[in-house]
Amino acid sequence: MRGRLWGLALYLFVLGFILNLLGIVSHVMVSAFAKRWFGTPLPTAFTTEWFTYAWSNFDLGRILTVTLSVAGAVVVLALILGFPAAYILARRNFRGKPLLLLLYFLPLLIPQMTYGIPLATTLYRYAIGGTVAGVILANLVPMVPLAVFILMPFFEQISMNLEWGAAMMGANRFQVFRRILLPLTVPGLLTAGVLILVNTVSNFELTFLVSGAGSQTLVVALFYNVFAGGVRPVYSVDAMAVMYMTTVMLLLLLALRFVRPTQMVFRLDQPQR
Amino acid sequence: MRRTRAGEPSELDLMATACLVPSLLYVLVMFVYPFLYGIYMSLRPAKVAGFSLANYLTFFGDEWQYRTVWITFNIAVPNTVVVVSVALLLAYGMRRGIWLERTVTTILVLPISLGVILLAEGIIGFYGARGWFNQLLLGLGLLNEPLVLTHNYIGVMLSLFMQQFPFCFLMLLGYISGIDPSIENSARTLGAGPWTVFYKVMLPLMAPGIAIAFALVFVMSFGVFPSAILLGQPAGATRTIAIAAYQQAFESYDMSYASAIAVIMGVFQMAGLVIIVLLRRRMVMAATMGVGKR
């Protein structure tokens, strides 16, 4: 009996947390569609004009273009840099491998504010800071290791025999890569790509420290508008937040088609169910 | 000593090196170099010629600055303890699988993917003076005037909890559900009650996972920046060390001093990690000694 009550309490907590979360998210959504909203459960009148207002006043067309091109470039570059390294780390043993893994793990472990300030300083010194290229380079710092760690277990699942067999049949290294490794790692590449995409779009600290006037991503622009609360109508900031949310949600829906949610935060070493 | 598994080529040949070099070079140039350069710069203050500890001395001599260390610990430590204990309690209770697992985990992943800023904007609205939360409490007659939950310490804690709880819960759930259930079953068969199973059997097994969770949540909370600005009082009660570093870098343009503050922040994070590792060792030793006495 006590066990039952205990279990019920746990579920109630999760339910509470979820309700609270949905409340937070839908408060933003309702507010974005409100004409005016003061202390009533729901606004008295609804409108969609805040979206057009936000779109034209916050220069959202350009911000969205920057966001998606930064995210796209980060995904492609992180996969190109991470793919070969993940292959070698999954397949070979060599002296210094634990050290190398630790080095790759550090950018994921250390908070971005700690290494972001020296990184931004360095980028500004070489006049890359404040540009879109600078934002891409800075975001790649945690994303290359992330790509390596996501891809590694996928390589570990591919049997060596396949590669040996192909080599026996006379395939050269490029053919093994093109015909064996690449097709078999497509799920891994999709997982890594989608996670890097979502992470880059919602990454705040590094982009904030490195971006300038023309290289802000959606989340950084949103920060400045929330920070300057009162300068713009709160409904228009919420409209922008809704557009940001829609972008992330679309990417996330795409992600959940390929990835189990727990894989986002935990290592991939459990066997696939 | 090099460990090699049977049937695996263990040499680092030309091809392997060529595969590793691009990403390694990237991490070295974009992560290690700026880090070392930051330490170097922090020792070369703008006003003094040559190497000097002036920046560090200024930081610890100025109450407005060194107070940020205390403020940050005051946010990070309680938050870490609350997040990890609640997540552990839930994950332990749900280690046998949960009802609607996929839906629940999907919803829990939401705050991670939505990011800090959207969450902050939502919390300002939802928990604000005119938000649904206060409306509900006022409507039920539980309160006479709205609770002030944003733009103060509570706001920052709320936002940190919302961000880190799902992350911590999913990590611990993954870790705990990986423990072989037959160990627990044997303990139950031998007559151990639920409390004994938790304390004597499961806790030592979960200790490494708990330590990792503590370490990650602590390190993340210590670097708190956007929520401390948006939901706290960035000029007062929640001026964390990350805000101090940012202000030196981008408001005073003193990169040398800013690097020094970033280094100090890094050192305190490391110190926190070391304490957690030491505590974990003691915890495991205490638990195994207890078992040994029987």
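### What to know about the overall build of chain B
Reasoning step 1: For chain B, the count of helices and strands is 11 helices and 0 strands.
Reasoning step 2: In chain B, the succession of α and β elements from N to C terminus is α-α-α-α-α-α-α-α-α-α-α.
Reasoning step 3: For chain B, the C-alpha atoms occupy an extent of roughly 75 × 70 × 40 Å along the three principal directions.
Reasoning step 4: Across the 294 residues of chain B, 50% fall into the buried class.
Reasoning step 5: Contacts in chain B between residues at least 24 apart in sequence constitute 70% of all its contacts with a sequence separation of at least 6.
Reasoning step 6: The average position of the 18 basic charges and that of the 12 acidic charges among the side chains of chain B differ by 11 Å.

### Some words on the side chain of Asn134 of chain B
Residue and element names in this part refer to chain B.
Reasoning step 1: One can find Asn134 in helix H5 (residues 132-139).
Reasoning step 2: Overall, the relative accessible area of 0% leaves Asn134 in the buried class.
Reasoning step 3: Only 2.9 Å separates the side chain of Asn134 from the backbone oxygen of Gly128, close enough to count as a polar contact.
Reasoning step 4: Not counting chain neighbours up to four residues away, the residues in contact with Asn134 comprise Tyr127, Gly128, Ala129, Leu143, Pro146 and Leu147.

### A few points about helix H2 (residues 49-57) of chain A
For the α-helix, the turn length of 3.6 residues means that residues three or four positions removed from each other point alike.
Residues and elements named next belong to chain A.
Reasoning step 1: Buried within H2 we find Trp50, Phe51 and Ala54. All buried residues of H2 lie within an arc of 105 degrees about the axis, which places them on one face of the element. Opposite the buried face of H2, at more than 90 degrees from it, the exposed residues are Thr52 and Ser56.

### What about the domain arrangement of chain B?
Residue and element names in this part refer to chain B.
Reasoning step 1: When its domains are assigned, chain B resolves into domain 1 (1-42) and domain 2 (56-281).
Reasoning step 2: Centre-to-centre separation of domain 1 and domain 2, based on C-alpha positions: 32 Å.
Reasoning step 3: Across the boundary between the two partners, domain 1 contributes 4 residues, which contact 6 residues of domain 2.
Reasoning step 4: When the area that domain 1 buries against domain 2 is broken down by residue, the three leading residues are Ile39, Met41 and Ser42, summing to 90%.
Reasoning step 5: For the interface between domain 1 and domain 2, the tally reads 0 salt bridges.
Reasoning step 6: Connecting domain 1 to domain 2 are 2 residue pairs in polar contact (both at pLDDT 80 or more).
Reasoning step 7: Of the residues belonging to the side of domain 1 that touches domain 2, the class tally is 2 nonpolar, 2 polar and no charged.

### Observations concerning the packing of aromatic side chains
Reasoning step 1: Across all of its chains, the model carries 43 aromatic pairs over all chains by this definition.
Reasoning step 2: Relative to Phe177 of chain A, the ring of Phe83 of chain A lies with its centre 5.7 Å away and its plane at 80 degrees, an arrangement referred to as edge-to-face. Of this pair, Phe83 of chain A sits in helix H3 (residues 60-91) while Phe177 of chain A sits in helix H8 (residues 173-184), and the two are 94 residues apart along the sequence.
Reasoning step 3: Between the aromatic rings of Phe223 of chain A and Phe227 of chain A, the centroid separation amounts to 5.8 Å while the plane-to-plane angle is 5 degrees, which identifies the pairing as stacked. Of the two residues, Phe223 of chain A and Phe227 of chain A are both situated in helix H11 (residues 218-227); the distance of 4 residues between them amounts to about one turn of the helix.
Reasoning step 4: Residue Phe223 of chain A is classed as buried on the basis of its relative accessible area, which comes to 2%.
Reasoning step 5: Feature note: the residues Tyr124, Phe204, Phe208, Phe223, Tyr224 and Phe227 of chain A together with Phe225, Tyr246 and Phe250 of chain B constitute an aromatic cluster, connected by ring pairs.
Reasoning step 6: The ring of Phe51 of chain B carries the charged tip of Arg44 of chain B above its face, separated from the ring centre by 5.0 Å.

### Digging into a nonpolar patch on the surface
Reasoning step 1: Together, Leu5, Leu8, Leu12, Leu15 and Leu19 of chain A give the surface a local cluster of nonpolar side chains, amounting to about 510 Å² of exposed area.
Reasoning step 2: When you line up the elements, Leu5 of chain A lands in helix H1 (residues 2-32).

### What to know about unusual backbone geometry
Across residues other than glycine, the phi torsion is negative in most instances, and most of the peptide bonds are trans.
Reasoning step 1: With phi around 60 degrees, Asp59 of chain A is a residue other than glycine that occupies positive phi space.
Reasoning step 2: Mapped onto the fold, Asp59 of chain A is located in the loop between H2 and H3.
Reasoning step 3: Assessed through its relative accessible area of 36%, Asp59 of chain A is described here as partly exposed.
Reasoning step 4: Of note in this structure, His151 of chain B is not a glycine but carries a positive phi near 60 degrees.
Reasoning step 5: On the secondary structure map, His151 of chain B appears in the loop between H5 and helix H6 (153-176).

### Let's talk about helix H7 (residues 160-168) of chain A
Residues and elements named next belong to chain A.
Reasoning step 1: Where H7 is concerned, the buried positions are Met160, Glu163 and Ala166. Projected down its long axis, H7 carries its buried residues within an arc of 135 degrees, all on one side. In this structure, H7 carries Asn161 and Met168 as exposed residues pointing more than 90 degrees from its buried face.
Reasoning step 2: On its buried side, H7 packs onto H3 and H8.
Reasoning step 3: One side-chain oxygen at the N-terminal end of H7 lies 3.0 Å from the backbone nitrogen of Asn161; it belongs to Ser159.

### Describing the confidence of the model for chain B
Residue and element names in this part refer to chain B.
Reasoning step 1: Across chain B, pLDDT averages 86, with 92% of residues at or above 70.
Reasoning step 2: The weakest mean pLDDT in chain B belongs to helix H11 (residues 255-293) at 79; the strongest belongs to helix H3 (residues 63-93) at 93.
Reasoning step 3: Note that residues 290-294 has pLDDT below 50 and, in this model, 3 contacts with residues that lie over four places away or in other chains.
Reasoning step 4: Among the scores for the predicted complex, ipTM is 0.85 and pTM is 0.85.

Rules behind the numbers
- Residues numbered from 1 in each chain as written.
- Chains lettered and ligands numbered in written order.
- Predicted model: local features only at pLDDT ≥ 70, side-chain atom pairs only at ≥ 80, totals over all residues.
- Heavy atoms only, no water.
- Helix = DSSP H or I, 4+ residues; strand = E, 2+ residues; numbered from the N terminus.
- Buried < 20%, exposed > 50% of the residue type's maximum accessible area, 1.4 Å probe, protein only.
- Contact = heavy atoms within 4.5 Å.
- Lys, Arg positive; Asp, Glu negative; His and termini not counted.
- Charge placed at Lys NZ, Arg CZ, Asp CG, Glu CD.
- Polar contact = N/O pair within 3.5 Å; in protein donor to acceptor, adjacent residues only side chain to side chain.
- Arc of directions from axis to C-beta.
- Domains from an automatic or database assignment.
- Buried area = accessible area lost by both parts, 1.4 Å probe.
- Salt bridge = Lys/Arg side-chain N within 4 Å of Asp/Glu carboxyl O.
- Nonpolar A, V, L, I, M, F, W, Y, C, P; charged D, E, K, R; others polar.
- Phe/Tyr/Trp six-rings, centres within 6.5 Å; stacked < 30°, edge-to-face > 60°.
- Lys NZ or Arg CZ within 6 Å of the ring centre and 35° of its normal.
- Patch = residues over 30% accessible without salt bridge, like charges linked within 9 Å, V, L, I, M, F, W, Y side chains within 5 Å.
- Areas by Shrake-Rupley, 256 points an atom, 1.4 Å probe, with all protein chains shown as cover.
- pLDDT = per-residue confidence, 0-100.

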